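Descriptive structure summary
So the chains spell out like this:
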Amino acid sequence: MIREILNQVSLWAIPLLLVGIPLIGLVRGVKVYDVFIDGAKEGFNVAVRIIPFLVGILVAIGMFRASGAMDLLTDALRPAMAAIRFPPELLPLGILRTLSGSGSLALTTDMVKRYGPDSLIARTAATMYGSSETTFYVLAVYFGAVGIKRTRHAVPAALIGDVVAAIAAVGICAWLF
Amino acid sequence: MEGRPLSGALARNWGQAARLPAAEAAAAPLGVLRSGPRRIAYVVFSASGERMLNYIWFGLMAIALIVAVFNGTAPALTKAAVDSAKVAVEISLGLVGIMTLWLGIMRIAEKAGLIALLGRALRPISRVLFPEIPPEHPAIGAMIMAVAANMLGLNNAATPLGIKAMEELQTLNPLEETASNAMVTFMVINTSGIQFIPATIIGVLAAAGARNPTSIIAPTLVSTTCGAIAAVSAAKLLQRFFPARTAEVDVVPVVSDSEDGE
């Protein structure tokens, strides 16, 4: 029931906003087309401004993954993860989730196929994928769009959130399924 | 301090800091700086915070090179670098259309007073999360729109709206290349990726023939909420240790040492 409502909202939200906002604008006497053009002309510049930030971050992450360093990192973290009973199969996903959206989706899909979609591992992997974002991508795009180079505590705070979300996913799935 | 020649950037940033004492005080309350271990943490973090991405960026590539030497994966490394650069440009340029569309629509929403209305409606929450942002400022409304789009899984709208919110926050930021507290808090809300229906991954489970692919909705909601609360708390706790000051790391910790009245 709630899920159905949310699905419908997701389906209709964008068309309704695209019509609803100008409608309210018209009612309030805004010259909607003029104002739209005025706001929209910045779009290209913003997208172009992101390019250097995203190239920098994605190249570094791409090289890191291609070198096989992920496996070393996974091995290095394994004892610590074992100590808190974090399933070793899920560790690569936990690391990759913050680095690469397409990479972690491919890895999750692979795990769903390998362990079976109704297995605890697959469901936990899916929950881990769903409960976080690709932190470094979001970071590059959002800060890149306004030209921020010094990100202060953004990386540590975001990574703390990612780690907590991953551990929570493991704990809740183990309890629920 | 006065005798030392200041570089242009440093002088400019100091000038700005002087004009905005409130922002400066929020970034580095002096009470934190006086005691020993905290003082050390402050100096270490403030230095690493300035250069955090420099270290991470170089570290990822340097580690990749060293590992590649042992694994013999040099060709893969080259290919990854070239391909990633291409993908990054494609992603950025792929944003042009939706970015243009949403920036236009958002300007209408702003002129119609909708953004301000939204900001007022959710004032109790925004006052806690973003105490530095004035209640009537369009940044609040823009951030709410972005977070709402994220929650509904409207990826096409979420990124442009988030960028719009960052632009609004940038207008209040005294140091144009350094993230403000509000920016970091907003960022970590986004990186924690709160979403009601994780549609992509439900699709993957369904395609693989799961009996009940939507069973992950509840656990996902709980764990993403845990992550978001942790990330926002971490941002709030860490912000004083990563002062928003200047670019010149080597100079400033020394200066603040002598200015703390010891």
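Just so we're clear, the structure is a prediction, and the values are computed from it rather than from any experiment. (Residues numbered from 1 in each chain as written. Chains lettered and ligands numbered in written order. Predicted model: local features only at pLDDT ≥ 70, side-chain atom pairs only at ≥ 80, totals over all residues. Heavy atoms only, no water.)

1. Focus: the interface of chain A and chain B
Contact with chain A, which involves 93 residues of that partner, is made by 106 residues of chain B. Roughly 8,400 Å² of surface becomes buried between chain A and chain B when both sides are summed, with 76% attributable to carbon and sulfur atoms. Area buried by chain A at its contact with chain B is led by A:Tyr142, A:Arg150 and A:Arg152, which between them contribute 12% of it. At the boundary of chain A and chain B, one finds 5 salt bridges. Residue B:Arg107 pairs with A:Asp38 through a salt bridge whose shortest N-O separation is 2.8 Å. For the pair chain A and chain B, the interface holds 20 residue pairs in polar contact (both at pLDDT 80 or more). For the side of chain A that touches chain B, the elements supplying multiple residues, two or more each, are α1 (2–27), α2 (32–40), α3 (43–67), α4 (69–83), α6 (101–115), α7 (120–130), α8 (135–145) and α9 (154–176) of chain A. (Contact = heavy atoms within 4.5 Å. Buried area = accessible area lost by both parts, 1.4 Å probe. Salt bridge = Lys/Arg side-chain N within 4 Å of Asp/Glu carboxyl O. Polar contact = N/O pair within 3.5 Å; in protein donor to acceptor, adjacent residues only side chain to side chain. Helix = DSSP H or I, 4+ residues; strand = E, 2+ residues; numbered from the N terminus.)

2. Considerations on the nonpolar core
A:Phe143, B:Leu169 and B:Phe186 are the most contacted members of the largest nonpolar core, which totals 105 residues. At 12 residues, the largest contribution of residues to this core is made by helix α5 (residues 74–111) of chain B. Ranked by size, the runner-up nonpolar core spans 12 residues in total, among them A:Ala122, B:Ile197, B:Ile201 and B:Ile216. (Core = buried A, V, L, I, M, F, W, Y, C linked by side-chain atoms within 4.5 Å. Buried < 20%, exposed > 50% of the residue type's maximum accessible area, 1.4 Å probe, protein only.)

3. Notes on the environment of A:Gly171
Locating A:Gly171 in the fold gives a position in helix α9. When the C-alpha atoms of A:Gly171 and A:Arg85 are compared, they prove to be 9.6 Å apart, with 86 residues separating the residues in sequence.

4. Section: the packing of α3(A) against α4(A)
Residues and elements named next belong to chain A. It is the contact of α3 with α4, at a shortest axis distance of 5 Å, that shows an interaxial angle of 75°. Classified by the interaxial angle, the pair formed by α3 and α4 is roughly perpendicular. Of α4, the residues touching α3 (which contributes Phe 64, Arg 65 and Ser 67) are Ala 69, Met 70 and Leu 73. Each residue belonging to the contact of α3 with α4 can be placed in one class, and the counts come to 4 nonpolar, 1 polar and 1 charged. (Axes fitted to C-alpha atoms, helices over the stretch in contact; angles between N-to-C directions. Parallel < 35°, antiparallel > 145°, perpendicular 65-115°, else oblique. Nonpolar A, V, L, I, M, F, W, Y, C, P; charged D, E, K, R; others polar.)

5. A word on the packing of helix α5 (residues 91–99) of chain A against α7(A)
All names here are of chain A. Contact geometry of α5 with α7 gives a least axis separation of 10 Å together with a crossing angle of 20°. Between α5 and α7, the angle falls in the class roughly parallel. Note that α5 runs across α7; the crossing there is right-handed. Judged by residue contacts, Leu 93, Gly 94 and Arg 97 of α5 engage Ala 125, Met 128 and Tyr 129 from α7. In terms of residue class, the contact of α5 with α7 is built from 4 nonpolar, 1 polar and 1 charged. (Left-handed = near helix turned anticlockwise from the far one by under 90°.)

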